[in-house]
Amino acid sequence: INLPVPAVKAPMRIKCDCDLNAPCWKNAPTITAFADLSHGNPVADQTVARVLYDEESIYIIVECADSHPDGIVGRETVRDTLFNQNNNSNFATNEDYVLVSLDPFLSHQNGDIDLFGVNPLGTRSAQIAGGRAAKAEWSGDWEAMAKKTPAGWICEFRIPWKLIHYPSGGKTVNIGFDVSRFQYRTQTMSMWSNIGPQGFWDREGQLTGVQLPQTAFKHTFSALPYLLGGLTNGQASGKAGVDARYLITPELTAVGTLNPDFSTIEGAIQSIQFSHSERFLPDYRPFFTEGGSDF
């Protein structure tokens, strides 16, 4: 379908506070007419999204109407849990949430799609193209906020350009862009430019005429050192190491590790909730998770 929306620059840096009445949103492009992902029918409780951008970030504010606002559900408080659910869709089905997708290279390939989600509690989840590591110090941070209203709920995103990979050179391009919403009460996933239940990303919407940041490409270097101290058989002991990440080009990243930290993994606390079976603790060490979806 490839529904288009024109890219409009924000008149000022936007504060992520879910304020629909802020002057910056007055002339922002609006997308609506969300359809059921499974059947393609317009949903009863509609969603309205507005998008702006500037040299630093992409801003999206989403208004989620709900005829029964008391049925809005937000449960998760742990970051990135949206993409760590054990169900066939690979997404959470136990709460309401909004999902923003970006395809900066317009490749329509699943591995090139950046996904950013938030639930009504404001809990953020991200899945960045290339299998970016989970640590914010390694991958970069972004903002999201949500609040309930008498007519539903509102959420807002601020996604820095430096967090994602995009074509260099300050070009004017079209990028893949879409917004979807899961309504827990009706168990309905709706989407603006409907890619269908099979996920045909060639049908994704497009943000047209985006003027990419003019700043020259920077070869970014990130390092996460660690230092552990303790006692071994009554004697003082220690261990040190480092994970490193170097952005060579917008499409090529090098990662390395020296003396990786294996000792604290078994002590990682996932949850204190009761479970009828053993739990799988995901690996959060950056070197071992960067590029995880590619290798």
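Note that this is a predicted model, so its numbers are computed, not measured. (Residues numbered from 1 in each chain as written. Predicted model: local features only at pLDDT ≥ 70, side-chain atom pairs only at ≥ 80, totals over all residues. Heavy atoms only, no water.)

Side note on the sheet that holds strand β5 (residues 57-65)
One open sheet holds the five strands; their spatial order is β2-β4-β5-β10-β9, and the pairing between them is antiparallel. The sheet is open, and its two edges are formed by β2 (30-31) and β9 (143-149), each paired on a single side. Taken together, the nine bridges between β5 and strand β10 (residues 152-160) define a ladder with antiparallel strand orientation. For I58, the partnering residue across the bridge sits in β10 and is I159. (Pairing = 2+ DSSP bridges. Helix = DSSP H or I, 4+ residues; strand = E, 2+ residues; numbered from the N terminus.)

Observations concerning the pattern of salt bridges
Tallying each qualifying case throughout the model produces eight salt bridges. For D66, the salt bridge goes to R185, with nearest N and O atoms at 3.0 Å. Pair noted here: D66 is in the loop between β5 and β6 (97-103) and R185 is in the loop between β11 (172-183) and β12 (188-191), with a separation of 119 residues, a long-range link. Among the residues examined, D66 registers a relative accessible area of 6% and is labelled buried. For R185, a relative accessible area of 32% puts it in the partly exposed group. (Salt bridge = Lys/Arg side-chain N within 4 Å of Asp/Glu carboxyl O. Buried < 20%, exposed > 50% of the residue type's maximum accessible area, 1.4 Å probe, protein only.)

Points about the packing of aromatic side chains
One pass over the full model with this rule turns up five aromatic pairs. Between the aromatic rings of F116 and W142, the centroid separation amounts to 5.1 Å while the plane-to-plane angle is 75 degrees, which identifies the pairing as edge-to-face. On the criterion of sequence distance, the pair formed by F116 in strand β7 (residues 114-118) and W142 in the loop between α1 (136-139) and β9 is long-range, its members being 26 residues apart. With relative accessibility at 0%, the residue F116 sits in the buried group. Pairing W142 with F157 gives two aromatic rings, centres 6.2 Å apart and planes at 5 degrees, and the pair type is stacked. (Phe/Tyr/Trp six-rings, centres within 6.5 Å; stacked < 30°, edge-to-face > 60°.)

Focus: the environment of H108
Here H108 shows up in the loop between β6 and β7. Spatially, the C-alpha atoms of H108 and I175 are 10.0 Å apart, while their sequence positions differ by 67 residues. Those residues in contact with H108 that lie beyond four places of it in its chain are N2, D103, W201, D202 and E204. Within polar-contact distance, the side chain of H108 engages the backbone oxygen of W201 at 3.2 Å. Side chain to side chain, H108 and E204 meet in a polar contact 2.8 Å long. (Contact = heavy atoms within 4.5 Å. Polar contact = N/O pair within 3.5 Å; in protein donor to acceptor, adjacent residues only side chain to side chain.)

Some remarks on unusual backbone geometry
In this structure, A33 is a non-glycine residue whose phi angle is positive, near 60 degrees. Backbone geometry places N233, a non-glycine residue, at a positive phi of 55 degrees.

Some points on the sheet that holds strand β16 (residues 252-258)
Taking strand neighbours across the sheet as the criterion, the three strands line up as β14-β15-β16 in an open arrangement whose pairing is antiparallel. This sheet does not close on itself; its edge strands, each paired only once, are β14 (221-232) and β16. With strand direction ignored, the average angle separating the axes of adjacent strands in the sheet is 10 degrees. Two strands pair when backbone bridges link them, and strand β15 (residues 235-249) and β16 are joined in this way by seven bridges, in the antiparallel orientation. Looking across to β16, one finds that V242 is bridged to L258. (Axes fitted to C-alpha atoms, helices over the stretch in contact; angles between N-to-C directions.)

Observations concerning the nonpolar core
The biggest cluster of nonpolar side chains holds 38 residues, and the ones touching the most others in it are I60, V62, F116, F157, W161, F177 and V179. Taken together, the elements giving at least two residues each to this core come down to β4 (47-53), β5, β6, β7, β9, β10, β11 and β13 (206-211). Listed in part, the twelve residues of the second largest apolar core include F83, L99, M189 and I195. (Core = buried A, V, L, I, M, F, W, Y, C linked by side-chain atoms within 4.5 Å.)

A closer look at the confidence of the model for the chain
Any segment with low pLDDT has predicted coordinates that should not be analysed in fine detail. Model confidence for the chain is summarised by a mean pLDDT of 87, while 89% of its residues fall at 70 or above. Confidence scores differ between elements of the chain, with α1 showing the lowest mean pLDDT of 72 and β4 the highest of 98. (pLDDT = per-residue confidence, 0-100.)

Focus: the side chain of T123
Residue position: T123 is located in the loop between β7 and β8 (124-127). Given the relative accessible area of 11%, T123 is considered buried. For T123, the side chain forms a polar contact with the main-chain oxygen of E76, separated by 2.6 Å. If near-sequence neighbours (up to four positions away) are discounted, T123 is found in contact with E76, T77, V78, R79, G117 and V118.

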